[in-house]
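In case you want the letters, here they are:
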Amino acid sequence: MYIKSILQFFLELLFPSRCLGCGSKKEILCDSCMDKLPTAERETESSIFAVYDYRDPLVKKLIWELKYHHLPYLGQKLGDILYSSLIEEINEIRIFSSGCPIIVIPVPISKERRRLRGYNQSEIIAKNFCNSSLKGIFEFNKKIIYKKLNTTPQAKLTNRNRRLQNIKGAFGITKSENVKDKTIIVIDDVTTTGGTINEIIKLLKKSGAKKIIGFAVAH
């Protein structure tokens, strides 16, 4: 992974990113294209917030390029966007943290999928989400929740009930005492039925977490 990061750095120097929207040699997503992305308007779970509408072709392209075409630095950009777009929700949840850092948990992927992809896209988004804020506000932790079942990718399932069944019991928690009385944000790239984030929220609630909400780039 470290060697891949170095290689990507030098490739970026030699061949600067082109915007995935307009193709201009600026960055992976230029400000002009970003401003045109439609915000998420479809109703989701009350405890889950998303930034963009996944039905938009460019939004879908961004997520697919990040997941399947090895563009981890796109995840860094999306982490910045997630933080700046949901600053009001962040300020509200800080009330529950009583001055303690808010734990940020990325939705994990299975070991098999991580080996194939080389990274967890939600982890990259979550890390940069944390890095976008002042120090001390967030505590990034990727070890609290783990994926114990290598489920069928949710994107391959079109039926809502099948999606919910597919993810049921797929996650585990390491140490319950790590989340007791804590305020937590769970981060994913896309939420559709809300099943994945809700499954994790249920686990965290059972372990005594005080307040939990989910953030996603798209819905």
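The rules behind the values
- Residues numbered from 1 in each chain as written.
- Predicted model: local features only at pLDDT ≥ 70, side-chain atom pairs only at ≥ 80, totals over all residues.
- Heavy atoms only, no water.
- Helix = DSSP H or I, 4+ residues; strand = E, 2+ residues; numbered from the N terminus.
- Expected span 1.5 Å × (residues − 1).
- Buried < 20%, exposed > 50% of the residue type's maximum accessible area, 1.4 Å probe, protein only.
- Polar contact = N/O pair within 3.5 Å; in protein donor to acceptor, adjacent residues only side chain to side chain.
- Phe/Tyr/Trp six-rings, centres within 6.5 Å; stacked < 30°, edge-to-face > 60°.
- Lys NZ or Arg CZ within 6 Å of the ring centre and 35° of its normal.
- pLDDT = per-residue confidence, 0-100.
- Core = buried A, V, L, I, M, F, W, Y, C linked by side-chain atoms within 4.5 Å.
- Contact = heavy atoms within 4.5 Å.
- Pairing = 2+ DSSP bridges.
- Axes fitted to C-alpha atoms, helices over the stretch in contact; angles between N-to-C directions.
- Parallel < 35°, antiparallel > 145°, perpendicular 65-115°, else oblique.
- Left-handed = near helix turned anticlockwise from the far one by under 90°.
- Nonpolar A, V, L, I, M, F, W, Y, C, P; charged D, E, K, R; others polar.

## Some words on helix 3 (residues 57-68)
Between its terminal C-alpha atoms helix 3 stretches 16 Å, which fits the 16 Å expected from twelve residues at 1.5 Å a residue. Among the residues making up helix 3, those that are buried are L58, V59, L62, I63, E65, L66 and K67. Between the side-chain oxygen at the start of helix 3 and the backbone nitrogen of L58 there is a gap of 3.1 Å, and the oxygen is on D56. Count one or two residues on from helix 3 and you reach H70, which has phi positive near 50°.

## A word on the packing of aromatic side chains
With the rule as written, the count across this model stands at six aromatic pairs. Their ring planes at 50° and their centres at 4.7 Å tell us that W64 and Y68 sit as a pair that is tilted. Remark: Y68 and W64 occur in helix 3; sequence separation between them is four residues, near one turn of the helix. Overall, W64 belongs to the partly exposed group, its relative accessible area being 39%. A residue is classified by how much of its surface remains accessible, and Y68, at 37% relative accessible area, is partly exposed. Taking the ring centre of F96 as reference, the NZ or CZ of K211 above it sits at 4.9 Å.

## Things to note about the confidence of the model for the protein chain
In the predicted model, the protein chain carries a mean pLDDT of 88, and the fraction of residues at 70 or more is 89%. Here helix 1 (residues 2-14) stands out as the element of the protein chain with the lowest mean pLDDT, 52, in contrast to strand 2 (residues 102-106), whose mean of 98 is the highest.

## As for the nonpolar core
Core analysis: the largest hydrophobic core is formed by 42 residues, its most contacted members being L29, L82, F129, F138, I185, I187 and F215. When near neighbours in sequence (up to four residues on either side) are disregarded, F138 contacts Y83, I90, P101, I102, V104, F129, C130, S133 and I185. Listed in part, the 19 residues of the second largest apolar core include I103, A170, I200 and L204.

## Let's talk about the pairing of strand 6 (residues 183-190)
Strand 6 sits mainly inside the fold: eight of its eight residues count as buried. Note that strand 2 and strand 6 share four bridges and pair parallel. Opposite I103, over in strand 6, you have I184 as the bridge partner. Pairing of strand 6 with strand 7 (residues 211-218) involves seven bridges; the strand directions are parallel. Opposite I187, over in strand 7, you have F215 as the bridge partner.

## So, the environment of C22
By the element assignment, C22 lies in the loop between helix 1 and helix 2 (31-36). For C22, a relative accessible area of 47% puts it in the partly exposed group. Sequence separation of C22 and S32 is ten residues, and the distance between their C-alpha atoms is 8.9 Å. Here C22 is in contact with C30 and C33, once residues within four sequence places are set aside.

## A word on the packing of helix 4 (residues 72-85) against helix 7 (residues 121-131)
Where helix 4 contacts helix 7, the axes come no closer than 7 Å and their chain directions differ by 50°. The pairing of helix 4 with helix 7 is recorded here as oblique in orientation. In this structure, the crossing between helix 4 and helix 7 has a hand that is right-handed. Together, P72, G75, Q76, L78, G79, D80, L82 and Y83 of helix 4 and I124, I125, N128 and F129 of helix 7 make up the contact between the two elements. Among the residues making up the contact of helix 4 with helix 7, the classes are represented as seven nonpolar, four polar and one charged.

## As for the environment of E41
Its location among the elements puts E41 in the loop between helix 2 and strand 1 (48-52). The exposed category is assigned to E41, whose relative accessible area is 68%. Separated by twelve residues in the primary sequence, E41 and D53 place their C-alpha atoms 6.9 Å from one another.

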